[in-house]
Amino acid sequence: MEVISRILEVILAIAFGCGGVIGLFYLANYGINALPKPWNRHFLPWVYIAPAMIVLSTYLIWPTIQTIYLSFFDGRSQNFVGLKNYIFAFTDQGMLVAFRNNLLWLVLVTGISVSLGLIIAVLVDKVSYEPIAKSLIFLPMAISFVGASVIWKFIYAYKPMGDAQIGLLNAVIVNLGFEPVGWLVERYVNNFALIAIMIWLYTGFCMVILSSAVKGIPENIIEAARIDGANSWQIFWQITIPMIRSTILVVSTTVIILVLKVFDIVFVMTGGNQGTEVIASRMIKEMFNFRNFGRGSAIAVILLLLIIPVMIGNIRRFRSQERLR
Amino acid sequence: MIKKKNQPKTEFWQKAPIHISILIISFIWTLPTVGLLISSFRRRDAMLKTGWWSIFEHPFELTQYHLGNYLEVLQSQGMGQAFLNSLTIAIPATVIPIAIATFAAYAFAWMKFPGRQLLFIIVVCLLVVPLQTTLIPILRMYRDLGLSNSFLGVWLAHTGYGLPLGIYLLRNYIGALPRDLIEAAEVDGASHLKIFTKLIVPLSMPAIASFAVFQFLWVWNDLLIALVYLGGTSDVAPVTIQLSNMVGSRGQDWHLLTAGAFITMIVPLIVFFGLQRYFVRGILAGSVKS
């Protein structure tokens, strides 16, 4: 009985949420139609974009401005402290570790998942079982960071030498005659262990997008190059790469943004201990564990500043796209 | 496909290095998930004693598999309730942004109003704002309005964070529809709402579906927003929070963790395989056009 009433609750909540938004638009349209004709034409666009603009201002624009403001105040947002939080962010030992790690994440995740994705995209284009191979590699996209963390905790599981290893990686290593490694504890390897998870998750995404760009290259260009005596290697470097350069840029941008925001993997796998902290996880710690809103906000603003170049690139691309339209 | 059939048979062997590398990569990429799936059906003591691959020594000895882990996780670990919570969060948090984004995308693509270009550029900028910069002010607002720990608060938050991508993808798609079609409808005297519901929405279904998949996966898999706005331990927690709590409190209970992880993955996997085609095409609508 209890289960049924719970399921009913769920259905009711869903109906309320979904019905609400559709009702809103019908109501607004009804109101507009009641207005005289010339007004109607004038107002309608605003009715269509108003909900979007209200939500965007409430959830993104206004809070971001507020956060910038808060970053100049102390932990409880009461006294103005100037740049003190920023000085902390750039001098604190823990923060410097977070910056170093984030740089490592940026370089390795972006570099490896994009280039591996590209290689797979080119290879997979040449075989008949392409859809199956692609699905398998793309599959981790559907898995949450938390789910992935459980998967990889199990792979990295460590038992002392002599015990049977239940973690795949240590089992392989022990069978090869080495000592088992505490993948998530040892400082020289734990960051790479975490980065590997993100690469596993996003290589498929890069592959799928690059693959369709590779397929978009006109067949006759490649034919012509082949007739001129170019081998596969030369075709890859001198035709494929230059022709899909803009897609490579888009994919790298997306991955860079995702990496800067990454938090869940570190949070669930190591809690940021043993020198694995990254900027985003450090920020959550300052905010929710230490309740220091000033420092938390300052770190968030730094994250935003790091992303601004990406933002400018996006606007440029949008502008040039518009000109073609 | 036709071209491949016409190729001579020897090609297959010439391509051996390609086949081998694809097989190796696919194998490595699939292995972690397969290991998890197998582990989730094993008994607790067996799992602590041997690796999951040991089942391949006697793969048909069915006594080594059982469903007990799943039953335990669903009942005593609160995963059943969390599963319902996740559905309650994810479905409206997908539908609401779609509705809002489609209307806005149509206005941006086909209606004339002052400031259109500027407003759209703002949307493009918001695509990359890290949501971490918004947490503290929204949390305070929620506290004042009494929205924290409520589904409504989470729906709206996901709507806010998903909208920029939705508007961007859909405007690119809707803007690429043939101009004649829309002008013809206007000449016939159709109102904007009629054009929108009878023409734009049906024609944009591939893009809308793809954004739906994207948003749904994202909401279902989210940990951060749920953690911040639903506060960790309450009875509205979705599967991701429940699982992450289990990792913290029962880190060595592999039989429960693996089953729990698989429960969180079932719905995304169904959505993923069911709608994969849309999903892929939809990301492309926004990004590949150079």
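Residues numbered from 1 in each chain as written. Chains lettered and ligands numbered in written order. Predicted model: local features only at pLDDT ≥ 70, side-chain atom pairs only at ≥ 80, totals over all residues. Heavy atoms only, no water.

## Digging into the confidence of the model for chain A
The share of residues in chain A with pLDDT of 70 or more is 99%, and the mean pLDDT across the chain is 87. Predicted confidence in chain A is weakest over helix α1 (residues 2–33) of chain A, with a mean pLDDT of 80, and strongest over helix α4 (residues 93–124) of chain A, with 94. (pLDDT = per-residue confidence, 0-100. Helix = DSSP H or I, 4+ residues; strand = E, 2+ residues; numbered from the N terminus.)

## Quick word on a nonpolar patch on the surface
Residue and element names in this part refer to chain A. A surface patch of nonpolar side chains, amounting to about 470 Å² of accessible area, comprises Val 3, Ile 4, Ile 7, Leu 8 and Ile 11. Position of Leu 8 among the secondary structure elements: in helix α1. For Leu 8, a relative accessible area of 54% translates into the label exposed. (Patch = residues over 30% accessible without salt bridge, like charges linked within 9 Å, V, L, I, M, F, W, Y side chains within 5 Å. Areas by Shrake-Rupley, 256 points an atom, 1.4 Å probe, with all protein chains shown as cover. Salt bridge = Lys/Arg side-chain N within 4 Å of Asp/Glu carboxyl O. Buried < 20%, exposed > 50% of the residue type's maximum accessible area, 1.4 Å probe, protein only.)

## Description of the interface of chain B and chain A
Counting residues at the interface gives 114 residues for chain B, matched by 111 residues for chain A. Together, Trp 29, Val 128 and Gln 132 of chain B form the three largest contributors to the area buried by chain B at its contact with chain A, with a combined 8%. Our count for the contact surface shared by chain B and chain A stands at zero salt bridges. If you look at where chain B meets chain A, you find 10 residue pairs in polar contact (both at pLDDT 80 or more). Among the elements that line the side of chain B that touches chain A, the one with the most residues is helix α16 (residues 254–287) of chain B, at 15 residues. Of the residues contributing to the side of chain B that touches chain A, the split by class is 77 nonpolar, 28 polar and nine charged. (Contact = heavy atoms within 4.5 Å. Buried area = accessible area lost by both parts, 1.4 Å probe. Polar contact = N/O pair within 3.5 Å; in protein donor to acceptor, adjacent residues only side chain to side chain. Nonpolar A, V, L, I, M, F, W, Y, C, P; charged D, E, K, R; others polar.)

## Let's talk about the packing of helix α2 (residues 37–70) of chain A against helix α7 (residues 92–110) of chain B
The contact between α2 of chain A and α7 of chain B brings their axes to 8 Å, and the two run at 130°. Relative to α7 of chain B, α2 of chain A is oriented oblique. Crossing angle aside, the handedness with which α2 of chain A passes α7 of chain B is left-handed. Counted together, Pro 45, Tyr 48, Ile 49, Pro 51, Ala 52, Met 53 and Val 55 of chain A of α2 of chain A and Ile 100, Phe 103, Ala 104, Tyr 106, Ala 107 and Phe 108 of chain B of α7 of chain B form the full contact between these two elements. Looking at side-chain class alone, the contact of α2 of chain A with α7 of chain B contains 13 nonpolar, no polar and no charged residues. (Axes fitted to C-alpha atoms, helices over the stretch in contact; angles between N-to-C directions. Parallel < 35°, antiparallel > 145°, perpendicular 65-115°, else oblique. Left-handed = near helix turned anticlockwise from the far one by under 90°.)

## So, helix α10 (residues 151–175) of chain B
All names here are of chain B. The end-to-end C-alpha distance of α10, which contains 25 residues, comes to 34 Å, matching closely the 36 Å that a straight helix rising 1.5 Å per residue would cover. Gly 162 marks where α10 bends most, by close to 45°; the proline Pro 164 follows one to four residues later. α10 sits mainly inside the fold: 20 of its 25 residues count as buried. (Expected span 1.5 Å × (residues − 1). Bend = angle between axes of the 7 residues up to and from the residue.)

## Overview of empty space enclosed by the protein
What the rule picks out here adds up to three cavities of 30 Å³ or more. Considered as a void within the structure, the largest cavity measures approximately 1300 Å³ in volume. As for the largest cavity, its lining consists of 47 residues, of which Leu 258 and Lys 261 of chain A together with Leu 165, Phe 214 and Trp 218 of chain B are closest to the centre. Mapped by element, the contributors of at least two residues to the lining of the largest cavity are α8 (190–215), α11 (245–261) and α14 (293–324) of chain A together with α10, α13 (205–221), α14 (224–230) and α16 of chain B. Broken down by class, the residue content of the lining of the largest cavity amounts to 33 nonpolar, 10 polar and four charged. Estimates place the volume of the second largest cavity at around 60 Å³. (1 Å grid on protein atoms, 1.4 Å probe; cavity = no way out; pocket = protein on both sides within 12 Å on 5 of 7 lines; lining within 4 Å. Points joined across faces, edges and corners; volume = space filled by probe spheres on them.)

## Considering the environment of Leu 118 of chain A
Residue and element names in this part refer to chain A. Structurally, the position occupied by Leu 118 is in helix α4. Overall, the relative accessible area of 8% leaves Leu 118 in the buried class. When the C-alpha atoms of Leu 118 and Ala 89 are compared, they prove to be 36 Å apart, with 29 residues separating the residues in sequence. Residues contacting Leu 118, with those up to four places away along its chain left out, are Leu 210, Val 214, Phe 236, Ile 241, Ile 244 and Ile 248.

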